[in-house]
Amino acid sequence: MKAWIAGALTVTLAAGSARGAAPAPEPVDATLSTSSGERVQLARWRGKPVILFYEDKDSTTLNASLKAELFTRGRERGLLQSAFVVAVANLEKYDFFPAREIALSYVRDEEKKAGVPILVDLKGTLGQEPLKLPTKTSTVMLLDAEGAPVYRHSGRMKPEEQARFFTALSELVGQDLTAEREKEVHP
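Rules and cut-offs
Residues numbered from 1 in each chain as written. Predicted model: local features only at pLDDT ≥ 70, side-chain atom pairs only at ≥ 80, totals over all residues. Heavy atoms only, no water. Buried < 20%, exposed > 50% of the residue type's maximum accessible area, 1.4 Å probe, protein only. Helix = DSSP H or I, 4+ residues; strand = E, 2+ residues; numbered from the N terminus. Pairing = 2+ DSSP bridges. Right-handed = clockwise from strand over helix to strand, strands pointing away. Polar contact = N/O pair within 3.5 Å; in protein donor to acceptor, adjacent residues only side chain to side chain. Lys, Arg positive; Asp, Glu negative; His and termini not counted. Salt bridge = Lys/Arg side-chain N within 4 Å of Asp/Glu carboxyl O. Contact = heavy atoms within 4.5 Å. Expected span 1.5 Å × (residues − 1). Arc of directions from axis to C-beta.

1. Structural notes on the pairing of strand β5 (residues 118-121)
Right, on to step 1. The alternating pattern of β5 places I118 and V120 and L119 and D121 on opposite faces, both of which are buried.
Right, on to step 2. Note: strand β4 (residues 84-90) against β5, four bridges, orientation parallel. Within the sheet, the bridge partner assigned to A89 lies in β5 and is V120.
Right, on to step 3. With respect to chirality, the unit in which β4 leads through helix α3 (residues 99-114) into the neighbouring parallel β5 is right-handed.

Shown next, in the form of structure tokens:
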């Protein structure tokens, strides 16, 4: 029995070392549209880390607390220009006349309010290979400066997931974003 266990362990260890470390994730790309219809590729935002939010209309508030905290920490640390924020609205179920124009008008209004461009996914592109993101929730992804995924979460983030997100983002921007800044006390 000992010989069998030792043999199985040797085979397992040999197979593990033959595989080596997991390969680094490959850069991903997809072609989407702006709210005005211009076709753009995600690769357009390479050169800095990318924080990508992919949401359908019913999920835009699921991670509102993360979005607010992200902006607060970025502003406090002077890092608002250290990463790109790319918002993508999943409008696949509105890709017919006249719903498409109404949905695009709504997205343009939201862009003005948020001050951030919002890309639109009319064909469910991000739900397909290579990203295969869920299309009926809020997904938050971090891509490194070359476009390779380093973090992904779908659904409402719990505090421990937000902590993991800020840890991963800290590594990408080279500054600690894991803790909220202490509030200054004025006498």
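Having seen it, we continue.
2. A word on the side chain of R73
Right, on to step 1. Note on placement: R73 falls in helix α2 (residues 64-76).
Right, on to step 2. In this structure R73 comes out as buried when scored by relative accessible area, which is 8%.
Right, on to step 3. In terms of polar contacts, R73 uses its side chain to reach the backbone carbonyl oxygen of L177, at 2.6 Å.

3. Considerations on unusual backbone geometry
Right, on to step 1. Look at the link from F97 to P98: it is a cis peptide, with omega at 0 degrees.
Right, on to step 2. Relative to the helices and strands, P98 resides in the loop between β4 and α3.
Right, on to step 3. The residue K132 is not glycine, and still its phi comes out positive at about 50 degrees.
Right, on to step 4. Mapped onto the secondary structure, K132 falls in the loop between β5 and β6 (138-143).
Right, on to step 5. Residue classification places K132 among the partly exposed residues on the basis of a relative accessible area of 49%.

4. Some details on the side chain of D121
Right, on to step 1. By secondary structure assignment, the location of D121 is in strand β5.
Right, on to step 2. There is no salt bridge for the buried D121, and the closest opposite charge comes from R39, which lies 7.2 Å off by N-O distance.
Right, on to step 3. The contact partners of D121, leaving out residues within four places of it in the chain, are L32, Y54, V88, A89, N90, L91, E92 and L126.

5. A look at α3
Right, on to step 1. Taking 1.5 Å per residue as the helical rise, α3 with its 16 residues ought to reach 22 Å, and the 22 Å between its terminal C-alpha atoms agrees with that figure.
Right, on to step 2. Those residues of α3 that sit buried are A99, A103, L104, V107 and E111. The buried side chains of α3 occupy one side of the element, clustering within an arc of 125 degrees when seen end-on. α3 presents I102, Y106, K112 and K113 as exposed residues on the side facing more than 90 degrees away from its buried surface.
Right, on to step 3. Structurally, α3 contributes buried residues whose contacts are with β4 and β5.
Right, on to step 4. Backbone geometry just downstream of α3 places G115 in the positive-phi region, at approximately 70 degrees.

6. Remarks on helix α4 (residues 159-173)
Right, on to step 1. Counted at 1.5 Å a residue, the expected span for α4 with its 15 residues is 21 Å, and the 21 Å between its end C-alpha atoms agrees.
Right, on to step 2. Where α4 is concerned, the buried positions are E161, Q162, F165, F166, A168, L169 and S170.
Right, on to step 3. Packed against the buried residues of α4 are β3 (50-55), α2, β6 and β7 (149-154).

Scope: geometric values only; no functional claims are made or implied.
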